[in-house]
Each structure stands twice: as structure tokens, then as C-alpha cells.
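In case you want the letters, here they are:
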Amino acid sequence: MAALYACTKCHQRFPFEALSQGQQLCKECRIAHPVVKCTYCRTEYQQESKTNTICKKCAQNVQLYGTPKPCQYCNIIAAFIGNKCQRCTNSEKKYGPPYSCEQCKQQCAFDRKDDRKKVDGKLLCWLCTLSYKRVLQKTKEQRKHLSSSSRSGHQEKEQYSRLSGGGHYNSQKTLSTSSIQNEIPKKKSKFESITTNGDSFSPDLALDSPGTDHFVIIAQLKEEVATLKKMLHQKDQMILEKEKKITELKADFQYQESQMRAKMNQMEKTHKEVTEQLQAKNRELLKQAAALSKSKKSEKSGAITSP
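Report on the accompanying structure. Note that the structure is a prediction, hence the values are computed from the model and not measured.

Check the secondary structure of the chain and you find six helices and eight strands. Along the chain, helices (α) and strands (β) appear in the sequence β-β-α-β-β-α-β-β-α-β-β-α-α-α when read from the amino end. Taking all 307 residues of the chain together, the buried fraction comes to 21%. Across the chain, the fraction of contacts at a sequence separation of at least 24, relative to all contacts at a separation of at least 6, is 31%. A total of about 23,900 Å² of accessible surface is found on the chain, and carbon and sulfur atoms cover 56% of it.

Printed below as a string of C-alpha cells:
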């Protein structure tokens with residue numbers, strides 16, 4: 001009796017072939033809980049429900065730090081603390097400042113100083129590395145499927161030739177083999193024309209045209225995002241310069257206004273002092289005039305009484 005193994009999700013027992021290679025899940029659990037990408041950090045995780053679009057780690061960070069911002073290096077929306085995501089922060093501490101990715105052209109590829117860790121000899125960022133490995137895996141699966149199907153086809157032809165043994169089939173066989181031989185150089189020339197073009201990563205990717213097309217579209221979109229980000233940065237700089245100029249003009253206006261007010265207060269104070277001096281002088285003159293008029297009256301009264 002074949003051994004049974006437990007599913008890591010539902011804990012039911014199945015044959016080893018019925019479970020997935022990585023997480024040992026049965027078919028029903030794989031359908032109910034598919035592996036998806038997190039909306040924020042873009043890592044793959046097993047989805048618990050359809051409404052859950054972020055991984056557990058990002059969910060905890062959202063509760064602690066709030067909604068993340070785009071990382072200033074890789075542009076992934078996973079910067080919970082500061083302007084950089086945790087992946088770029090750790091890589092920068094370990095490998096130094098980032099370099100330009102040879103695929104997406106963003107400043108988010110970290111040089112590990114080891115050519116064996118490079119992807120096909122190219123310095124790629126984390127997202128481009130994952131896309132490249134995914135395309136390679138898909139290409140290997142397609143190659144494996146093609147080789148198995150061709151092997152089964154050859155076995156069926158040999159079995160049919162042994163059973164039939166007729167000359168008519170032998171002539172058809174020679175025709176089919178010649179047509180296959182004619183077809184091989186066509187495929188080979190097509191393969192070489194694809195590999196001579198510099199758009200693909202390696203000859204392995206040429207067999208997977210849908211994957212490479214998808215990869216090129218992603219790269220083009222990343223370039224457009226980088227261009228728009230650069231334009232946005234330039235606009236932000238212009239806005240900052242204008243705000244700085246407005247602030248300087250406001251400060252100059254406030255300084256001139258304060259100087260004008262001080263000057264007006266000084267003029268008002270001087271005017272008040274001059275007015276008080278004039279009023280005091282006027283009172284003094286009035287007193288003198290009153291004293292003179294009084295002395296004149298006394299002199300006139302004495303002159304009248306003297307005869």
C-alpha cells in the first residue's frame with residue numbers, strides 16, 4: 001500500500017503525487033488558497049480569502065505605521081518607515097548604494113560583488129530577477145513537455161512500424177523524416193534570429209515568446225513610470241523653488257511693513273513732542289501778554305488820578 005502524506009492546510013492524507021512540491025498542498029487547498037503577490041511588498045504568499053490582498057507582514061506594518069509610501073529606490077509601495085522599503089534598506093547596509101538595473105533602468109540594483117549571483121551576467125533588481133527566473137522556469141517546463149511528447153510520439157511510430165511492416169508505411173516514414181529534417185533548420189534559424197536580437201535575456205527565453213513579451217511590456221511600463229517619476233520630481237522642484245520665492249517675498253514685505261510702521265511711530269512721536277512744545281510756548285506768550293496788558297491798565301489809572 002502506497003504511503004499517504006498530510007496536506008499542510010486541511011491535514012487530510014493524500015498520495016505524495018497529489019500534493020504540491022513546495023508547500024505540500026492538495027488540489028482543493030491550492031484552488032481555495034492560491035499563491036498571489038502582495039499589493040505592497042510584491043512577495044508571493046498564500047491567500048487566505050479573496051478580500052485579503054496583502055501579506056501578514058505588511059498587514060502588521062499597516063497597523064503599526066499606517067499606509068506605506070513608494071520606496072525611493074525600487075518604487076515598490078512598501079516604505080513603512082522613512083523613504084525606503086525594508087528590502088532596499090537591508091541591501092544598502094550590506095552591499096552599499098544601489099546601481100542602475102540593466103533591465104528596468106531604475107536605481108535599485110545592488111551589486112553583491114559575486115558574478116555567480118548575477119542573472120545571466122547582468123546586474124538586475126529584485127523584481128526583474130524574479131521575472132527572469134519565472135520565465136526560465138516556464139521555459140524549462142515547456143521544454144520538458146515538448147521532449148516528453150516527442151519521445152512518446154517516436155515510441156508510437158516505432159510500435160506502429162513494427163506492427164504494420166508494409167512498404168507503403170516505410171515510404172511515408174521516409175517522407176515524414178525528410179519533412180522533419182527540413183523543418184528543423186527552419187526552427188533553428190528562427191531560434192538564432194531571436195537570440196541575435198538583444199531584447200531577450202538569453203537563448204532559453206526565445207522559446208517562451210509570451211513570457212518575454214510580457215517581460216518587455218513590464219520593462220516598458222517601468223521605464224514610463226521612471227520617466228513620469230522624473231518629471232514629477234522636476235515639477236516638485238519647481239514648486240519648491242516658487243514656494244521659496246514666495247516665502248522670501250513675504251518676509252521682505254513683512255520687513256518693509258515693520259520698518260514703515262516704526263518710521264510712522266517715530267514721526268508721530270516727533271510731531272507730538274513738537275506740538276507740546278508749541279503749546280507750552282503759546283501758553284507762555286499768553287501769560288506775558290496778559291501781564292503787559294495789566295501793567296498798561298495800572299499805568300493809565302495812575303495817570304488819571306494824579307491831577
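Among the structural elements, Cys104 can be located in the loop between strand S7 (99-100) and strand S8 (107-109). What makes Cys104 buried here is its relative accessible area of 0%. Beyond its immediate sequence surroundings of up to four residues, Cys104 is in contact with Cys125, Cys128, Lys222 and Glu223.

Taken as a whole and judged by the stated rule, the model has two aromatic pairs. Ring plane angle 85 degrees and centroid distance 6.3 Å describe the contact between Tyr40 and Phe80, whose orientation is recorded as edge-to-face. Pair noted here: Tyr40 is in the loop between strand S3 (35-37) and strand S4 (44-46) and Phe80 is in the loop between strand S6 (77-79) and helix H3 (86-95), with a separation of 40 residues, a long-range link. When sorted by exposure, Tyr40 lands in the same class as Phe80, which is buried. Between Tyr73 and Phe110, the aromatic rings sit 6.4 Å apart at their centres with planes inclined by 75 degrees, giving edge-to-face as the arrangement. Taken as a pair, Tyr73 in the loop between strand S5 (69-70) and S6 and Phe110 in the loop between S8 and helix H4 (126-164) lie far apart in primary sequence, 37 residues in all.

In this structure, Cys38, Cys58, Cys74, Cys88, Cys101 and Cys125 are the most contacted members of the largest nonpolar core, which totals 28 residues. Of all the secondary-structure elements, those providing two or more residues to this core are S8 and H4. In terms of residue count, the dominant contributor to this core is H4 (four residues). Filtering out sequence-adjacent residues up to four positions away, Cys88 remains in contact with Cys71, Tyr73, Cys74 and Phe110.

With respect to the secondary-structure elements, Lys9 resides in the loop between strand S1 (4-6) and strand S2 (13-15). Here the alpha-carbon distance between Lys9 and Cys29, two residues 20 residues apart in the chain, equals 6.8 Å. Dropping the residues within four chain positions of it, Lys9 is found in contact with Leu25, Cys29, His33, Gln46 and Glu48.

For H3, the set of buried residues is Cys88, Thr89 and Ser91. Positive phi appears at Gly96, one or two residues downstream of H3, with a value of about 95 degrees.

With a phi angle near 65 degrees, Arg42 is a residue other than glycine that sits in the positive phi range. On the secondary structure map, Arg42 appears in the loop between S3 and S4. For Arg42, a relative accessible area of 31% corresponds to the partly exposed category.

Enumeration according to the criterion identifies two salt bridges in this entry. Here Glu92 and Lys84 are joined by a salt bridge, their closest N and O atoms 2.8 Å apart. When its relative accessible area of 22% is taken as the criterion, Glu92 is described as partly exposed. Among the salt bridges present, the one from Arg261 reaches Glu257, with a minimum N-O distance of 3.1 Å. Placement of the pair is Arg261 and Glu257 together in helix H6 (residues 209-305), with a separation of four residues, close to one helical turn. Residue Arg261 is classed as exposed on the basis of its relative accessible area, which comes to 52%.

So, how was this worked out
Residues numbered from 1 in each chain as written. Predicted model: local features only at pLDDT ≥ 70, side-chain atom pairs only at ≥ 80, totals over all residues. Heavy atoms only, no water. Helix = DSSP H or I, 4+ residues; strand = E, 2+ residues; numbered from the N terminus. Buried < 20%, exposed > 50% of the residue type's maximum accessible area, 1.4 Å probe, protein only. Contact = heavy atoms within 4.5 Å. Areas by Shrake-Rupley, 256 points an atom, 1.4 Å probe, with all protein chains shown as cover. Phe/Tyr/Trp six-rings, centres within 6.5 Å; stacked < 30°, edge-to-face > 60°. Core = buried A, V, L, I, M, F, W, Y, C linked by side-chain atoms within 4.5 Å. Salt bridge = Lys/Arg side-chain N within 4 Å of Asp/Glu carboxyl O.

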